[in-house]
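Chain residues, written in single-letter form:
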Amino acid sequence: ISELDFGAVVLGTASDKLIYMQMDHVLENAESPTFAWTDNEVFDYSYNAGNVTVSIRPEVTCGVYQSILTATAISSLDASSVNDVITVKVELYMAKPILGGYSGIGKNTLVWNSIAGADKYIVYRDDLPVAETPYTSYVDAGITSASTHSYKVEAVHNADQNYNTISNVVSITEGQPGIITENN
């Protein structure tokens, strides 16, 4: 066996939760490499002709995760082996909520999509927090007639505030008909 080496790591997009690696190897008289993780509860892998794809399990939402992947190839001639190790470290953030809203008499109603990993949402009116909720809607009641307010929503991950994300901003005028979905 001449060589077994993890090549450069190319990160996938945050949405597909994949990491792609090219494994450079010359395997003469050897089986395909075997792989083993150290202290891993987050990652899976697949191997195909020198390409290693590391995936993050669907139930994992946000945080910093790290594990060590060891590749080993064993010679079919003399049972000698070569191996290489790579540390896989990933930092995942929650997606941003997409906020929309509409006005009624004396109130503004906000709605947004559910965010995986969010434990609650903080609603802001004119950059000041006005409510916390585990739900994906909020009614801001007691709004002055014809007043205009800007809203945004923060998705909160209680375990680590560093992964919070903030939605687009919508501006709603009380009593104005229609659904508002402005993106900033």
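For the structure, check the block above.
Read on for an overview of the structure. Computed from a predicted model, the values in this text were never measured in an experiment.

What follows deals with the sheet that holds strand 7 (residues 81-92). Taken in spatial order, the three strands of this open sheet run 3-6-7, and their pairing is antiparallel. With partners counted over all chains shown, the strands left at the sheet margins are strand 3 (34-38) and strand 7, one partner each. Recorded for the sheet is a direction-independent mean angle of 25° between the axes of neighbouring strands.

Turning to the packing of aromatic side chains, a few remarks are in order. Scanning the model with the defined rule gives three aromatic pairs in all. Here the aromatic rings of F35 and Y45 are separated by 4.9 Å at their centres, their planes lie at 50°, and the arrangement is tilted. Linking F35 in strand 3 with Y45 in strand 4 (residues 43-48), this pair joins segments that are ten residues apart in sequence. Centroid distance W37 to F43: 5.4 Å. Interplanar angle 20°. Geometry classified as stacked. Residue placement shows K152 over the ring face of Y124; its charged tip is 5.5 Å from the ring centre.

Further remarks concern the pattern of salt bridges. A side chain of one charge can pair with a side chain of the opposite charge when the charged atoms of the two come close. Tallied over the entire structure, the rule returns four salt bridges. When the shortest N-O distance is used, the salt bridge between R57 and D44 registers 2.9 Å. Residue R57 is located in the loop between strand 5 (51-56) and strand 6 (63-74), and its partner D44 is located in strand 4; the two are separated by 13 residues in the primary sequence. For R57, a relative accessible area of 22% gives the class partly exposed. The exposure class assigned to D44 is partly exposed, which follows from its relative accessible area of 33%.

On to the side chain of T109, then. For T109, the location among the structural elements is in strand 9 (residues 107-112). With relative accessibility at 10%, the residue T109 sits in the buried group. When near neighbours in sequence (up to four residues on either side) are disregarded, T109 contacts G100, G101, Y102, Y138, V139 and I172.

Another point: the nonpolar core. Of all hydrophobic cores here, the largest spans 17 residues; its most connected members are L99, L110, W112, V123 and Y151. Among the secondary structure elements, those contributing two or more residues to this core are strand 9, strand 10 (120-125), strand 13 (148-156) and strand 15 (170-173). Per-element tally for this core: the top contributor is strand 13, with three residues. Look past the residues within four positions of V123 in its chain and what remains in contact with it is L110, W112, L128, P129, V130, A131, Y138, Y151, K152 and V153. F43, V54, V60 and V88 belong to the second largest nonpolar core, which has 13 residues in total.

Thresholds, definitions, all that
- Residues numbered from 1 in each chain as written.
- Predicted model: local features only at pLDDT ≥ 70, side-chain atom pairs only at ≥ 80, totals over all residues.
- Heavy atoms only, no water.
- Pairing = 2+ DSSP bridges.
- Helix = DSSP H or I, 4+ residues; strand = E, 2+ residues; numbered from the N terminus.
- Axes fitted to C-alpha atoms, helices over the stretch in contact; angles between N-to-C directions.
- Phe/Tyr/Trp six-rings, centres within 6.5 Å; stacked < 30°, edge-to-face > 60°.
- Lys NZ or Arg CZ within 6 Å of the ring centre and 35° of its normal.
- Salt bridge = Lys/Arg side-chain N within 4 Å of Asp/Glu carboxyl O.
- Buried < 20%, exposed > 50% of the residue type's maximum accessible area, 1.4 Å probe, protein only.
- Contact = heavy atoms within 4.5 Å.
- Core = buried A, V, L, I, M, F, W, Y, C linked by side-chain atoms within 4.5 Å.

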